[in-house]
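Here is what each chain is made of, one letter per residue.
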Amino acid sequence: MAISTALITGGVILAAIIVVPFALPSSKTVERTATINADQETLYAMIASPRGYQKFNPYHDTDPDLKI
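Residues numbered from 1 in each chain as written. Predicted model: local features only at pLDDT ≥ 70, side-chain atom pairs only at ≥ 80, totals over all residues. Heavy atoms only, no water.

What follows covers the overall build of the protein. In terms of regular secondary structure, the protein is built from three helices and zero strands. When the elements of the protein are put in sequence order from the N terminus, they spell out α-α-α. What you see for the protein is a C-alpha radius of gyration of 26 Å, clearly larger than the 11 Å of a compact globule of 68 residues, by over 25%. With the C-alpha coordinates aligned to their principal axes, the bounding extent of the protein is approximately 75 × 30 × 15 Å. The 68 residues of the protein split such that 4% are buried. Of the roughly 6900 Å² of accessible surface on the protein, 63% is carried by carbon and sulfur atoms. One finds the centroid of the 5 positive side-chain charges in the protein at a distance of 4 Å from the centroid of its 6 negative side-chain charges. (Helix = DSSP H or I, 4+ residues; strand = E, 2+ residues; numbered from the N terminus. Rg over C-alpha atoms; globule rule 2.2 N^0.38 Å. Buried < 20%, exposed > 50% of the residue type's maximum accessible area, 1.4 Å probe, protein only. Areas by Shrake-Rupley, 256 points an atom, 1.4 Å probe, with all protein chains shown as cover. Lys, Arg positive; Asp, Glu negative; His and termini not counted. Charge placed at Lys NZ, Arg CZ, Asp CG, Glu CD.)

The next subject is helix α1 (residues 2-23). Look at α1: 31 Å from first C-alpha to last across 22 residues, which is about the 32 Å you get at 1.5 Å a residue. Residue I17 marks the point of greatest curvature in α1, where the axis turns by about 25°; the proline P21 follows within four residues. (Expected span 1.5 Å × (residues − 1). Bend = angle between axes of the 7 residues up to and from the residue.)

Taken together, the side chains of L14, I18, V19 and F22 present a nonpolar region at the surface, about 470 Å² in accessible area. Along the chain, V19 falls in helix α1. For V19, a relative accessible area of 53% gives the class exposed. (Patch = residues over 30% accessible without salt bridge, like charges linked within 9 Å, V, L, I, M, F, W, Y side chains within 5 Å. Salt bridge = Lys/Arg side-chain N within 4 Å of Asp/Glu carboxyl O.)

Attention now moves to the confidence of the model for the protein. Per-residue pLDDT for the protein has a mean of 85; in total, 99% of the residues score no lower than 70. Mean pLDDT values for the elements of the protein range from 78 in helix α3 (residues 50-53) up to 91 in α1. (pLDDT = per-residue confidence, 0-100.)

This brings us to the environment of F56. Within the secondary structure, F56 sits in the segment after α3. You can call F56 partly exposed: its relative accessible area is 39%. C-alpha separation for the pair F56 and G11, spaced 45 residues apart in sequence, amounts to 54 Å. Setting aside anything within four residues of it in sequence, one finds F56 in contact with M46 and I47. (Contact = heavy atoms within 4.5 Å.)

Set out below in structure tokens:
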């Protein structure tokens, strides 16, 4: 009786391992938005230049070993 219970339990677990991935979505999208109170020319100038980008780089102040 213990062997049949173990086989049934193992079969259910194996079936779940095989079936569950097919029930999950094949891709996932994550989007983030932010509203910046600045005109496009100023913003583009900051993003396009390495020095301008460093003004709002989130890792600039938090990582002391950051090399740019």
